[in-house]
Amino acid sequence: MERRKFIRNSLALLTPTIISGNPIHILQDHPIINPELLASVNNDRALVIIQLSGGNDGLNTVIPISSYSKYYNARANIAIPENKILKLEGYDATGLNPAMTSFQKLFNEGKLNIVQSVGYPQPNYSHFRATDIWMSGSDSNQYINTGWMGRYLDTTYANYPEAYPNDANPDPLAIQIGSITSLTCQGPVVNMGLSISDPSSFYNLIDGTDQAVPNTNGGYELSFVRRIAKQSNKYGVRIKAASDSVTQQVTYPNNSLASQLKIVARLIKGGLQTKVYLVNYGGFDTHAGQTNSTDTTIGVHANLLNAVSESVNAFQNDMKGLEIDDRVIGMTYSEFGRRIKSNASGGTDHGAAAPLFLFGKNVRGGVFGDNPDLPLSATVNDNIPYQNDFRSVYNSILKNWFCVNETNELQIMLKKYPTLPLINASVCGIAMENSVFSGNSMINNYPNPFNAFTRIEFKTNGGPTLLQLLDTTGAVIKVLIDTTYAYAGMNSYTLFGNNLHAGVYYIRVQNGVNQYVKTILKV
Amino acid sequence: MPATPLSSKLGLTPYTGPWNKATAKHLLKRLQFGAKKSDIDDMVSKGMLAAVNELLNPTAPYPAPPLNDYSSATVIDTTVVLGYTWVNNFNTDGTINSYRRLALKKWLVGQMIQQDRSITEKLCLFWANHFSTESDIIAYGNYVFNHHDTIRKNCLGNFKQLIKLITTDAGMLRYLNGYLNTKTAPDENYGRELQELFTLGKNVDVKYTEDDVKAAAKVLTGWRINSTYNVYFEPTVHDTSNKQFSAYYNNKVITGKTLAAGATETDELINMIFERPEVAKFICRKIYQFFVYYYIDDTIENNIIAPLANIFIKNNFEIKPVLDALFKSEHFYDSLYIGCQIKSPIDHVVSCLREFNIVFPNAVTEYADAYYLFNNFLNQMISIGQNPTDPPNVAGWPAYYQTPEYYELWINADTLPKRNKFTDLMVETGYTRNTKKVVINPIEFAKAISATPSDPNILIDDLFTYLISTDQSATFKANLKKQILLSGQVSDYYWTDAWNNYLNNPTTINFNIVNVRLKTLLKYIMNMPDYQLQ
C-alpha cells in the first residue's frame, strides 16, 4: 500500500451544528449594514503562517550583539563567533545567524520584521501543550479548543461550512499543508481549513499522479473509493486549476518548506481567494549537536535556518515576480524558544520566549523590541522572559492586515491585546502608534541589587499599563500593576524582597506598543 | 491496480493457512456488523473451525419485541400502552401504524448494534433484501414485524420452508397484491417474483415462460386476509382449473383442487420450482455476492457456485451447510478477497458503533432513551442510502444485484462525505439523550485496542490491525505518527510522556493533550478510503 492520495475537505465533513445567534453572523448575511465588515470580507489579502516545529533556538537565530559576552558565556560550545554574525542596517545591537544571508537582504530591503522575545506569561515546555497554546491563542492555564485563525474566519464567514463553496467564496478559507494536527483553523463549530491530509497527497493532486494499490480485489475497490473521494472534494478542481494556471516561477531551494511555499505562491497567483495558508517545517528540537562541533556557523540548526531564509526569500521573489507581493505577508513561529544555557551535548533544551519573523512588502521592516536581557552567568533553568505577547502579534495582523474591527477583535482574541506597529499603516488606513520609549528609559529600579525592597519606576503613555514580575524560567510570578492610567508620565511601585528567594528576576512593563523587560537581582 | 475484478481459482477445500487477526477480522466483518477487538482476539485463539461453528450456531435468546415508544398527548394508541409491545395488536389507524413502523426500524437498529456473536443480524439483512418488501406499502406495523420475524426465525433454517412461509406471509401478500389475487382476475405479481426474484433468478439458464407466470398466479389464487387480519385460504376465489406449465418444468400439470385442498397447490408449485437446479445456484450466487464479492466468472461459477449448490440440494435446502462450507473454504480466506467489500450504509454505521465499544441504554428497561438514540443512527443509515425495512423496490437494494457496479453504488460524491461526516461526528460529539451519551471515547478506546498505547508505533499498528482491512506501508504509518501523535516531532517519547502524564495526573489540560491527538488520528483513519472497505 502506498500513501494516501486522497485530499480531504475536512470542512464539509464535520458536524453541522447550530451556530449560536451571534449578531455578527446576522450582519454578515447583510454586509451592506456594516461597511467596515464588508471591507474585511472583500479584501484579497492572504497570510502565510510558517510553523517551525520543535522549538527554534531563538538566541542562535537572532543574536544579541550588544550583550555578546553574556551570550557567549552562556553557550560557548554553540555560540556564533561575533565576527560571523550578520549585521542589520540601522540596528547595530542585533544580528542574524550567518546561515541567514537572505533574511539579512530582506531585512535591509525593509521586508522583514524581527519581533523580539515573543512568548506568554507562564511558559509551557511541552511541545504538545505549547503548540496548542500558540495555535489556540489561549493562556497557559486555559484550554481553548478553537484556533485563533478559526475564530477569525468564523466571525467573517457566517455559517461555514453550510452552503460553501458558493459564488462569493468559491475557495477554501484556509489551506493547511504539511500538518494535520493544527488547531489554528479550528472554529467554534468546524475546522475552517482545508486540511491536506498528507503532504504527498497534496502534491499528487497538484501533479495529477496516482499511487499504486495492491493487485487484489481490495486494491480494485480501493481505487474506486479513492476516485470518488477525489471527485467529492468540492475544492479539488479549483485548487488544481489555480495551480496549473501558473507556469513561470522562480527557482526554489530543494527542501520541504520551499516545496510548500512554491505551491502556496501558485495557488495565490492562480486566483484562490483563500485567506490563510499554513505550512510546517520541522526539526528544530535541537537537544544535541545543533552546530558543528568545530565550526558553530554550520550544522543542523544552521541548515534549518538557511532553509527557512532561502525558502522565504525565494517565495518573496516569486511573489514579486508574480506581482502579488502587495497581497501577501508571512509569519514564522515556533512553539517555544530554547534555554539560554546550552547543554553539554552541544544542544539546547526546551525554553520560553523567542523572536519571530514577519515578512512581506507590506510588513514594516526593522526590529521590534529590545534584545533580551541575559544573565551574567546563566544557569541551566534560565529562560528568556517574554517581552511581546504572541497574541499581540496575532492581534496586530488581524487589525492591520485583515482590518478586523474592534468588536470582532475581542471576539477572536478573547481579550484585549496591544496592536504593535508591524504592518504598514496604509494597509487598513489605521493610524498607528510608534514605540516612543526604548530600553532603560521605560523602566528602572533602585536599589539594584536589592534586599528588603526595590523601587520600580516606569513610564506610561497613559492607558492600559501592565507591570509584571517574572522568574528566571520566564514565568510571571506576580502581576504588580494592571491598571489604566488617565495621563502619561512616570509611575512607581515598591517591590518588597521578603517573599523572594535570592536570585535574578525580571520586571516587565507593557503599555500599548511599548513592552520592555529589565533584569533585577535579589540578594 | 487490477484493471478488472479478479477471481480466485481456490475452491471449497477447507482453509488450512495461517489463522490470525487478519483472517479472524475478515470472517467477523463479513458475518457480523463490524469486528470488535475482543471478538477478533477470542476467535484467533479458538481457531477457524470453532470460530465459524460459533458464528453459525447462535445461542442468544430470541429478542424482546419492539415496543410502543410513541404514545403521547398527541399520539394516542387506544389499544397498546406506552412501553408495551404492539406486535400482536392490529390497528387500522395510519398515524399509529407509521409510528409502529418507525419503532420497528429503531428496534431493528438496536438489534444490530447490540447483536450477539453470531451471523444472525447479517443474515436477517441478507434475507430481508432477498425477500424485499417496503414497510410503508405493507402499512400495518404488525404485518411488517411478522414479515421480518419470519425471516429472523428462519434465517439459518430451511430455505424451502422459508419460501413457503413468505408466500403466505401477510406482509408479502399485501406488498405483492397476493391477497387480491382471485380466479376472476389473477394478479401475476407474486407468481412472477416468486420465480424471478425469490427462487430462480434471471440467469440465461432460467427459461420459465410468461405462461408459467400466469399458471403460477392461478395456483396462488385464494390467499386472503380476514376481518381479524389473519391470513387464510378462501376456496371460493381459488382457480380450480388445471394449471399447465412449460417444458422448463417438464410440462408439469398442477391439478386444480377445490375446497381447502386448493391451498396445497401452493406447496406443489413450490416443490415444482425447487426441482429446478437453478434455484440452488441462484441462492448460492446471492450468498456469495453478499458475503464474499460480487464478481462471478466461469471459474467462480464452477469452483464455488456449483459445488455450493450441490451442498444446498443434498441438504434439502438447509441454509447452514452452505454457509459452513463457504466460510471454512480456502476460497473465502484468499487474500484476493480481504478488504474488497464496500461497507453497506447499515454496516458503516453499526460497525463503527460496535468496534468502538459504544454502550447504549437497555432497549427494554430504558427503551425511551434507547429508541431515541437508535433513531439517530437510523437517520444516518437513511442519509447514506439504506433504510432498513424499506429497500427501494421488490428487487432489494441495487448495490446487491446491479451489474457491474454492485456495492460500488453505495459510494458517490454525496454519500462519501456524509459517511466521513458521520464518523467525525461520532468522534467529536456523538449523540446525547437524557444525559446518556453515545460517543467514541478516544482514550478508553486506545486503552482497549492496544496493550501499550504509550508507544505511538504500537498504538498505530494496533489501530490499523483492528480497524482497517488493507495493509499500510511502514512509511505511511510513521508519517501518521509523526504528523498526528508527535505533532511534527521526531522523538516517540513526546507521545509517551504525554500519555503517561495524563495517566498519572489526569487534569483537563493533560487529558486534552492526549485526547485531541487521538481524536485527530481516529478521524483521519476513518476518513481514509480504506475504512470504507472490509
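Here the residue index of a chain counts from 1 through its sequence in written order. Key to labels: chains lettered from A, ligands numbered from 1, both in the order written. Selection of residues for local features in this predicted model requires a pLDDT of at least 70, selection of side-chain atom pairs for listing and counting requires 80 or more, and totals for whole chains, interfaces and linings are taken over all residues.

**Description of the overall build of chain B**
Now for step 1: In this description a helix means any DSSP run of H or I spanning at least four residues, a strand means any run of E spanning at least two, and both kinds are numbered starting from the N terminus. In terms of helices and strands, chain B carries 23 helices and 6 strands.
Now for step 2: Computed over its C-alpha atoms, the radius of gyration of chain B comes to 25 Å, within 12% of the 24 Å expected for a compact globule of 534 residues.
Now for step 3: Counting only C-alpha atoms and orienting by the principal axes, one finds that chain B spans roughly 85 × 65 × 40 Å.
Now for step 4: The exposure scheme places C-beta atoms from the backbone and then counts, for each residue, the other C-beta atoms within 10 Å of its own, assigning buried at 20 or more, exposed at 12 or fewer, and partly exposed in between. In chain B, buried positions account for 50% of the 534 residues.
Now for step 5: We call two residues in contact whenever the C-beta atoms placed from their backbones are within 7 Å. Taking all contacts inside chain B whose residues are at least 6 apart in sequence as the whole, residues at least 24 apart take part in 70%. The atom set for the radius of gyration is the C-alpha atoms, and the globule formula is 2.2 Å times the number of residues raised to the power 0.38.

**Re the interface of chain B and chain A**
Now for step 1: In this assembly, 53 residues from chain B lie in contact with 43 residues from chain A.
Now for step 2: Elements with a minimum of two residues in the side of chain B that touches chain A: helix 18 (415-428), helix 21 (474-485), helix 22 (493-504) and helix 23 (508-527) of chain B.
Now for step 3: If you tally residues by element for the side of chain B that touches chain A, the top one is helix 23 of chain B, at 8 residues.
Now for step 4: All amino acids are sorted into three groups, where Ala, Val, Leu, Ile, Met, Phe, Trp, Tyr, Cys and Pro are nonpolar, Asp, Glu, Lys and Arg are charged, and the leftover types, Gly among them, are polar. Looking at the side of chain B that touches chain A, its residues break down into 26 nonpolar, 20 polar and 7 charged.

**Re the nonpolar core**
Now for step 1: We define a nonpolar core as a collection of buried residues of the types Ala, Val, Leu, Ile, Met, Phe, Trp, Tyr and Cys that are connected via C-beta atoms lying within 7 Å of each other. Ranked by internal contacts, the top residues of the largest apolar core, which has 164 residues, are Cys284, Leu308, Val322 and Leu326 of chain B.
Now for step 2: Among residues more than four places away in sequence, those in contact with leucine 308 of chain B are Cys284, Val322, Ala325 and Leu326 of chain B.
Now for step 3: Formed by 104 residues, the second largest nonpolar core is a distinct cluster that contains Phe103, Ala265, Leu304 and Leu358 of chain A.

**Observations concerning the domain arrangement of chain B**
Where interface size is quoted, it is often the accessible area lost as the parts come together.
Now for step 1: Assigned domains of chain B: these are domain 1 (176-276) and domain 2 (441-532).
Now for step 2: Using C-alpha coordinates to define each centre, domain 1 of chain B is positioned 60 Å away from domain 2 of chain B. Start and end positions for the domains come from either an automated domain assignment or a database one.

**Section: the environment of arginine 354 of chain B**
All names here are of chain B.
Now for step 1: For arginine 354, the location among the structural elements is in helix 16 (residues 345-355).
Now for step 2: Owing to 19 C-beta atoms within 10 Å, arginine 354 belongs among the partly exposed residues under this scheme.
Now for step 3: The spacing of arginine 354 and lysine 36 is 318 residues in sequence and 6.4 Å in space, taken between C-alpha atoms.
Now for step 4: In this structure, arginine 354 is in contact with Phe33, Gly34, Lys36 and Ile113, ignoring residues within four places of it in sequence.

**Some words on the sheet that holds strand 4 (residues 91-96) of chain A**
Residue and element names in this part refer to chain A.
Now for step 1: Note on pairing: two strands pair once DSSP finds at least 2 bridges between them. Reading across the sheet, the 3 strands line up as 2-4-3 and stay open at both edges, with antiparallel pairing between neighbours. In the strand order of this sheet, the two ends are held by strand 2 (62-64) and strand 3 (86-88), each with one partner. Across the sheet, the mean angle from the axis of one strand to that of its neighbour is 45 degrees, orientation sign disregarded.
Now for step 2: As a rule, the C-alpha atoms of each element are fitted with a line to give its axis, helices using only the stretch in contact, and angles between N-to-C directions run from 0 to 180 degrees. Against the sheet, helix 5 (residues 101-108) touches strand 3 and strand 4, its axis set at about 10 degrees to strand 3.

**Description of the domain arrangement of chain A**
All names here are of chain A.
Now for step 1: Along its sequence, chain A is organised into domain 1 (10-413) and domain 2 (439-522).
Now for step 2: Counting residues at the interface gives 18 residues for domain 1, matched by 15 residues for domain 2.
Now for step 3: Residues of the side of domain 1 that touches domain 2, tallied by class, amount to 8 nonpolar, 7 polar and 3 charged.

**Let's talk about the sheet that holds strand 17 (residues 489-496) of chain A**
Residues and elements named next belong to chain A.
Now for step 1: Pairing is antiparallel across the open sheet formed by 3 strands, whose spatial order is 13-14-17. Each edge of the open sheet carries a strand with a single partner, namely strand 13 (443-446) and strand 17. Adjacent strand axes in the sheet meet at a mean angle of 20 degrees when their direction is disregarded.

**With respect to the pairing of strand 15 (residues 463-470) of chain A**
Residues and elements named next belong to chain A.
Now for step 1: Pairing of strand 15 with strand 16 (residues 476-485), which is carried by 8 bridges, proceeds in the antiparallel orientation. Looking across to strand 16, one finds that leucine 470 is bridged to valine 476.
Now for step 2: Here strand 15 hands over to strand 16 after 5 residues, with glycine 474 in that stretch at a positive phi of 90 degrees.
Now for step 3: Pairing between strand 15 and strand 18 (residues 503-511): 6 bridges, direction antiparallel. Bridged to leucine 470 within strand 18 is tyrosine 506.

**Considering helix 10 (residues 236-245) of chain A**
Residues and elements named next belong to chain A.
Now for step 1: Every buried residue belonging to helix 10 is among Arg238, Ile239 and Ala242, and all of these are buried. Summarising the axial view, the buried residues of helix 10 lie within an arc of 100 degrees, below the 170-degree limit, and thus occupy one face. Turned more than 90 degrees away from the buried face of helix 10 sit Val237, Ala241 and Asp244, all of them exposed. The directions considered for the arc run from the helix axis to the C-beta atoms.

**Notes on the packing of helix 19 (residues 442-449) of chain B against helix 23 of chain B**
Residues and elements named next belong to chain B.
Now for step 1: Running from N to C, helix 19 and helix 23 point in directions that differ by 70 degrees, and their axes come no closer than 9 Å. Between helix 19 and helix 23, the angle falls in the class roughly perpendicular. The residues of helix 23 that touch helix 19, namely those facing Pro442, Ile443 and Ala446, are Val514, Asn515, Leu518, Lys519 and Leu522.
Now for step 2: Classifying every residue of the contact of helix 19 with helix 23 by side-chain character gives 6 nonpolar, 1 polar and 1 charged. Angle categories: roughly parallel below 35 degrees, roughly antiparallel above 145, roughly perpendicular from 65 to 115, and oblique for all the rest.

**What about the packing of helix 13 (residues 278-291) of chain B against helix 14 (residues 298-314) of chain B?**
All names here are of chain B.
Now for step 1: Here helix 13 crosses helix 14 at 120 degrees, and the two axes come no closer than 8 Å. Classified by the angle between their axes, helix 13 and helix 14 sit oblique to one another. Along this stretch, helix 13 crosses helix 14, giving a crossing that reads as right-handed. Between helix 13 and helix 14, the contacting residues are Ala280, Lys281, Ile283, Cys284, Arg285 and Tyr288 on the first element and Ile304, Ile305, Leu308, Ala309, Phe312 and Ile313 on the second.
Now for step 2: Of the residues assigned to the contact of helix 13 with helix 14, the class counts are 10 nonpolar, no polar and 2 charged. Helix crossings are classified by the rotation of the near helix relative to the far one: an anticlockwise turn of less than a right angle makes the crossing left-handed, while a clockwise turn makes it right-handed.

**Describing helix 13 (residues 390-400) of chain A**
Now for step 1: The element helix 13 of chain A is largely enclosed, with a buried count of 11 among its 11 residues.
Now for step 2: Residues of helix 13 of chain A that are buried include every one of Phe390, Arg391, Ser392, Val393, Tyr394, Asn395, Ser396, Ile397, Leu398, Lys399 and Asn400 of chain A, and no others.

**Some details on unusual backbone geometry**
Now for step 1: Cis rather than trans, the peptide bond between tyrosine 446 of chain A and proline 447 of chain A has omega equal to -10 degrees.
Now for step 2: Relative to the assigned elements, proline 447 of chain A resides in the loop between strand 13 and strand 14 (453-460).
Now for step 3: A cis amide bond links threonine 403 of chain B with the next residue in sequence, proline 404 of chain B, at an omega value of -10 degrees.
Now for step 4: Relative to the elements of secondary structure, proline 404 of chain B occurs in the loop between helix 17 (367-383) and helix 18.
Now for step 5: In this model, glutamate 323 of chain A sits at a positive phi of 60 degrees, which is unusual for a non-glycine residue.
Now for step 6: Along the chain, glutamate 323 of chain A turns up in the loop between helix 12 (300-321) and strand 9 (328-333).
Now for step 7: Looking at glutamate 323 of chain A, the number of C-beta atoms within 10 Å reads 9, which means it is exposed.
Now for step 8: Not every positive phi belongs to a glycine, and asparagine 357 of chain B is a case in point at roughly 55 degrees.
Now for step 9: The topology assignment puts asparagine 357 of chain B in the loop between helix 16 and helix 17.
Now for step 10: Classification of asparagine 357 of chain B by C-beta neighbours within 10 Å gives partly exposed; the count is 15.

**Observations regarding the pairing of strand 4 of chain A**
Residues and elements named next belong to chain A.
Now for step 1: By the bridge criterion, 3 bridges tie strand 2 to strand 4 in an arrangement that is antiparallel. Its bridge partner lying in strand 4, isoleucine 63 is registered against glycine 95.
Now for step 2: As paired elements, strand 3 and strand 4 share 3 bridges and run antiparallel to each other. Note that in strand 4 the partner of leucine 88 across the bridge is tyrosine 91.
Now for step 3: The hairpin formed by strand 3 and strand 4 contains 2 residues between the paired strands, and glycine 90 there has a positive phi angle of roughly 85 degrees.

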